[in-house]
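Coordinate inspection notes
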Amino acid sequence: MSAPPPSRHPLPAQPWLVALPLPIPALDFLPPHGSPLGPGPAPVGFRVLVPWRGELSVGVVVGASEGKPNGRLREVVTVLDERPFAHPAFVAALCGLSRLARTPLGLLFSDLLGVGWEARVGHEVRVVPGADLGMFGPKMPGQDWAQAAQFAAPLLDAAREQGLLDERFTPAPRTVTGYRALKEGGASLTLRQTHAWDTLGNTGPLGSQLDWAREAGVSPSVVAQVLARGWAQSVQLPAAPPELPLPSDWTPKPLPDTLPQEAVWRLHGGRERDRYARLAPRTLRLLELGRGVLVLAPDGATLRRAWEELSGLAKVAGTRAVCFSGGLNPAQREHAWDLIGSGEAGLILGSALALAAPHPDLGLIVLLEEASDAHKLLSGSRAFVPELVQRVAAAGDPATGQIPLAIVGCVPAAESLIYPGEVLPPPPLRLHVVDYSAPPEQPELGPLSSPHLKPGDLGYPLSHDLARVLRQVQERGRQAVLLAPRRGYSALLRCPTCQHTPGCPNCDVALRFHQERRALHCHQCGYETVIPDRCDECGDPMWQARGPGTEWIVQEVKKLLPGMPVYRHDGDHQDDLSALAAGKSGVLVGTQGVLSLDAPPNLALIGLTLADTWLNISDFRAGERYHRLLRQLVAWHPGRSPLTVVQTFQPGHPALTCLLGGQDAGFYPAIEVRAREGLGYPPHRLLTYIEVAARDRVRAAQAAQEVADTLHGAGAAEGEVLGPAPSPLARVRGVYPYQLLLRTRSEDRLNELLGSLDRRFAARVRVDVSPRGMG
DNA sequence: AGCACGCCGACT
DNA sequence: GTCGGCGTGCTC
């Protein structure tokens, strides 16, 4: 950070590879001349300032350049850090993924490094002694150091490129605007104003006019007058460290550490709190040894609960816990990062953004709910966090090697079963299945089955069984939660005469019906329209709703239980649930998102109104996802086991029946692993999704075929390439996507095949090496 | 991502 | 004759 002496290095230094937060590959820059870091190895994970399009931009050093030094390279202007800003294992993981997935490294960095892209430095410039900047115009730096901000950045860069600019950088802590008393002022002050001025002089600078007024015991208008009359001025003061979320007081009672010692291990089953209790002794021991523990959660709700359960351990171990996620403001992020990098905070809990955490000695990474789809980033890189976490753990520390990885969650992903570990026993279960498909002589599936129902007389969308227990909930003043498979009133609106369903003009999907807004809404692109009076196919004025959504269920419950408070919680609408949280009787209707809330304390009943929606998705993970939802539901309440009613047309699905059979959380994933063997699905093969899309349908189809031909030309075997096929949504946001799937045995093989696609095609080609939620 | 360059349609 | 659409290519 000090001024580089204006001497030139005689040796041609090896360029550094620098990632910028842009969707481009890492670029080469020469080390800063005169820097002590110059001739040594590239400072991986350190941030640098580099010339970029006439200005300066922050980048992260990812390694030494492999190519031969190109004569026209620019130099790094300064190194911003004194220790790695991103963990070297994180950098290595991103480089590896970037190579395999053909994702620009900069895109991965901008998605996954959530702090530090703003250089917090003072920047001063002057002309190199003896040089003349006159050719750049009149307003250029002179012999004395001056703030760089006064000069035009492109002109400074031109001088920099010519080697005519001397620059120095100094750490610039965050500041806040404050107020300081001046000895001399302008117009004279009143009595009160003099008092305010006096107070400010005695206390020293204060952070705001309001603080100042409060301190002096006067009204804010008085201090404003002191300022206006020139007896005080605003100054930049170093900002106090921002407040970070407080750790919880709670610590789990000490248990012996019986967890595995392997490099990668897992812990599944039981209730969430049981798993944290088992994890606590290992975490505590590592923290006491001064090592770091990083816990990664897929979503805000899981992170909040992990923070509740684990953050109290840090204090016991004599260190600090920090929470790092998108919820922090920039000042908090910088402060938390500083605490991590210095080793002051040993326990780090966070979202994917915490994966870069530069703790100097990580002793364990804990990945929560590895099967959750929320681990799939929705932003540009579409990275899958568990895949990255594995790479980070494997890359490890140059000194200590692989970082141990613990995979912890409700139900193991089929991919996790290869690792050693433990499955905790399931919590007590009270489950009742309502069979919508069955004639009445079906055997009883639970304590509340009604053997005398006639077909078609089961009740829909609330079955008679569910209605009866709902009435009991009301009579006894208890609480119930009903899950509907979707928001809105119903899945779709259909003409009973001609079966026509209004579709989205942009996306070729059926529009969802929203009763409340009297609107048809596309859940794909957001298109919204009013409900047409008549079917635009046959002109019939009648419409019929199909497939219950939250609005419909709310309406049914209100009809069934007059006087019972009914609340709704979904993506469109969140009622105030404080009455439920206080234990008052009521029914909550929501989508799967209600699982991110704390279970209502008096919960006696959970109803899954139409389970089949989780199975009808054409995705080979549908069964796994459905099973996980069921397990999460029955383990939701931390202390009791509410009656769970599942209404379904497929009561024999193993994802459901294995719960009734008392199997543990590892049982169903093992079934999945066996079933997927013959299908060539993960974990037996790596699945890669390739999308070829263009505005013009024919061009997209031809390019997709060309991609397939290229893969076959590169030696792809029968069964390694599937497709191309038009996407199930024939048109999305105005483009026609075609899709291909690769099923490869190994990463090397995948890399080989993808290598053949490293050229231009007549349509946009996108590769996803960890696809989720597709057929 | 931005931003420039470049090549074809509707307009002051 | 230009203005402007977005396809293609580059940034060290």
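Further up the page is the structure itself.
Residues numbered from 1 in each chain as written. Chains lettered and ligands numbered in written order. Predicted model: local features only at pLDDT ≥ 70, side-chain atom pairs only at ≥ 80, totals over all residues. Heavy atoms only, no water.

1. Quick word on empty space enclosed by the protein
- A complete count under the given rule lists 4 cavities of 30 Å³ or more for this structure.
- For the lining of the second largest cavity, the residue count by class is 1 nonpolar, no polar and 6 charged. (1 Å grid on protein atoms, 1.4 Å probe; cavity = no way out; pocket = protein on both sides within 12 Å on 5 of 7 lines; lining within 4 Å. Points joined across faces, edges and corners; volume = space filled by probe spheres on them. Nonpolar A, V, L, I, M, F, W, Y, C, P; charged D, E, K, R; others polar.)

2. What to know about unusual backbone geometry
- In this structure, Pro 683 follows Pro 682 across a cis peptide bond, with omega equal to 5 degrees.
- In the segment running from Gly 723 into Pro 724, the intervening peptide bond is cis, with an omega of 10 degrees.
- Along the chain, Pro 724 falls in strand E30 (residues 721-726).
- Backbone geometry places Arg 102, a non-glycine residue, at a positive phi of 55 degrees.
- Residue position: Arg 102 is located in the loop between helix H1 (88-101) and helix H2 (105-112). (Helix = DSSP H or I, 4+ residues; strand = E, 2+ residues; numbered from the N terminus.)

3. Some words on the protein's contact with DNA strand C
- Taken together, the residues surrounding DNA strand C are Ile 24, Leu 27, Asp 28, Phe 29, Pro 51, Trp 52, Arg 53, Leu 73, Arg 74 and Arg 760.
- In the interface set of DNA strand C, defined as its atoms within 4 Å of the protein, sugar plus phosphate atoms amount to 53%.
- Here Arg 53 contributes a side-chain N or O atom positioned 3.4 Å from a base oxygen of DNA strand C.
- Here a sugar or linking oxygen of DNA strand C and a backbone polar atom of Arg 74 are 3.5 Å apart.
- The element contributing the most residues to the surface near DNA strand C is strand E2 (residues 27-29), with 3 residues.
- Its residues assigned to classes, the surface near DNA strand C comprises 6 nonpolar, no polar and 4 charged. (Near = heavy atom within 4 Å. Polar contact = N/O pair within 3.5 Å; in protein donor to acceptor, adjacent residues only side chain to side chain.)

4. Looking at the environment of Gln 390
- Along the chain, the position of Gln 390 falls in helix H11 (residues 385-395).
- Along the primary structure Gln 390 and Leu 367 are separated by 23 residues, whereas in three dimensions their C-alpha atoms are 9.4 Å apart.
- Setting aside residues no more than four positions away along its own chain, Gln 390 makes contact with Leu 405, Ile 407 and Tyr 419.
- Looking at Gln 390, its side chain comes within polar contact range of the side chain of Tyr 419, at 3.2 Å. (Contact = heavy atoms within 4.5 Å.)

5. Section: the sheet that holds strand E32 (residues 764-768)
- Taken in spatial order, the 4 strands make up an open sheet running E30-E31-E29-E32, and their pairing is antiparallel. Each edge of the sheet is formed by a strand with only one pairing partner; in this case those strands are E30 and E32. Taking each pair of neighbouring strands and ignoring which way they run, the sheet shows an average axis angle of 15 degrees.
- Pairing of strand E29 (residues 686-694) with E32 involves 5 bridges; the strand directions are antiparallel. What sits directly across from Tyr 689, in E32, is Asp 768.
- In this fold helix H19 (residues 747-755) packs onto E29, strand E31 (736-744) and E32, with an angle of close to 140 degrees to the strand it touches most, E31. (Pairing = 2+ DSSP bridges. Axes fitted to C-alpha atoms, helices over the stretch in contact; angles between N-to-C directions.)

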